[in-house]
Amino acid sequence: QVQLAESGGGLVQTGGSLRLSCVVSGRTLSSYNLGWFRQVPGKEREFVAGISRSGAKTLYLDSVKGRFSISRDIAKNSIYLQMRSLKPEDTAVYYCAADTGPVLRTANNAYDYWGQGTQVTVSS
């Protein structure tokens, strides 16, 4: 059974940066396509960024392209979300998730395992 644990959230001013981390335990990173999602109250959880099991492919939500970057560290069995130029609309609970499917996907119902989430708040 895989477990995911996020960290790195917090309160930051508009224009600031944060780096989220997600440690994956139970299986190696190459076993999954991995993604970052976010959710605000009353809204559906949305895909933010993803990285394929090979690490060769990444995908991003249009509104975060050029500001957010997903990466992974095989040795630490971890993925990261570097967030720059943060805006108040980036405020949400951020989750990492693992998908055992064959290709990198953006639908939240494609992902099999989820972390507990970490709060990111961007003040104006």
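Given the structure is predicted, the values throughout are model-derived calculations rather than measurements. (Residues numbered from 1 in each chain as written. Predicted model: local features only at pLDDT ≥ 70, side-chain atom pairs only at ≥ 80, totals over all residues. Heavy atoms only, no water.)

Novice: Explain the side chain of Asn77 here, please?
Specialist: Assignment of secondary structure puts Asn77 in the loop between strand E7 (68-73) and strand E8 (78-83). Engagement of the side chain of Asn77 in a polar contact is seen with the backbone oxygen of Val24, the distance being 2.6 Å. Excluding anything up to four places from it in sequence, Asn77 contacts Cys22, Val23, Val24, Arg27, Thr28 and Leu29. (Helix = DSSP H or I, 4+ residues; strand = E, 2+ residues; numbered from the N terminus. Polar contact = N/O pair within 3.5 Å; in protein donor to acceptor, adjacent residues only side chain to side chain. Contact = heavy atoms within 4.5 Å.)

Novice: For this particular structure, what's the right way to read the state of the cysteines?
Specialist: Using the criterion set out here, one finds 1 disulfide in the structure. The disulfide bridge from Cys22 ends at Cys96, spanning 1.9 Å between sulfur atoms. Where Cys22 bonds to Cys96 through sulfur, the torsion about that S-S bond is close to 55 degrees, and the disulfide is right-handed. Of the two residues, Cys22 is situated in strand E3 (residues 18-25) and Cys96 in strand E9 (residues 92-99); the sequence distance between them amounts to 74 residues. The exposure class assigned to Cys22 is buried, which follows from its relative accessible area of 0%. (Disulfide = S-S within 2.5 Å. Buried < 20%, exposed > 50% of the residue type's maximum accessible area, 1.4 Å probe, protein only.)

Novice: Would you mind showing me how to read the nonpolar core here?
Specialist: As a rule of thumb, soluble globular proteins bury nonpolar side chains together. Judged by nonpolar contacts, the single largest core of 27 residues is most densely connected at Leu34, Trp36, Leu81, Met83 and Tyr94. With residues up to four places along the chain from it excluded, the contact list for Met83 reads Gly16, Ser17, Leu18, Leu20, Arg67, Phe68, Tyr94 and Val120. (Core = buried A, V, L, I, M, F, W, Y, C linked by side-chain atoms within 4.5 Å.)

Novice: Help me understand the environment of Tyr95 in this model?
Specialist: Positionally, Tyr95 belongs in strand E9. Look at Tyr95 and you get buried, because its relative accessible area is 13%. In this structure the C-alpha to C-alpha distance between Tyr95 and Leu4, which are 91 residues apart in sequence, comes to 9.1 Å.

Novice: Mind showing me how you'd approach the packing of aromatic side chains here?
Specialist: The geometry of an aromatic ring pair is captured by two quantities: the separation of the ring centres and the angle between the planes. Taken as a whole and judged by the stated rule, the model has 6 aromatic pairs. Here the aromatic cluster, defined as three or more aromatic residues joined through ring pairs, consists of Phe37, Phe47, Tyr95, Tyr111 and Trp114. Directly above the ring of Tyr80 sits Arg19, whose terminal nitrogen or CZ lies 4.2 Å from the centroid. The side chain of Arg45 reaches across the aromatic face of Trp114, ending 4.7 Å from its centre. (Phe/Tyr/Trp six-rings, centres within 6.5 Å; stacked < 30°, edge-to-face > 60°. Lys NZ or Arg CZ within 6 Å of the ring centre and 35° of its normal.)

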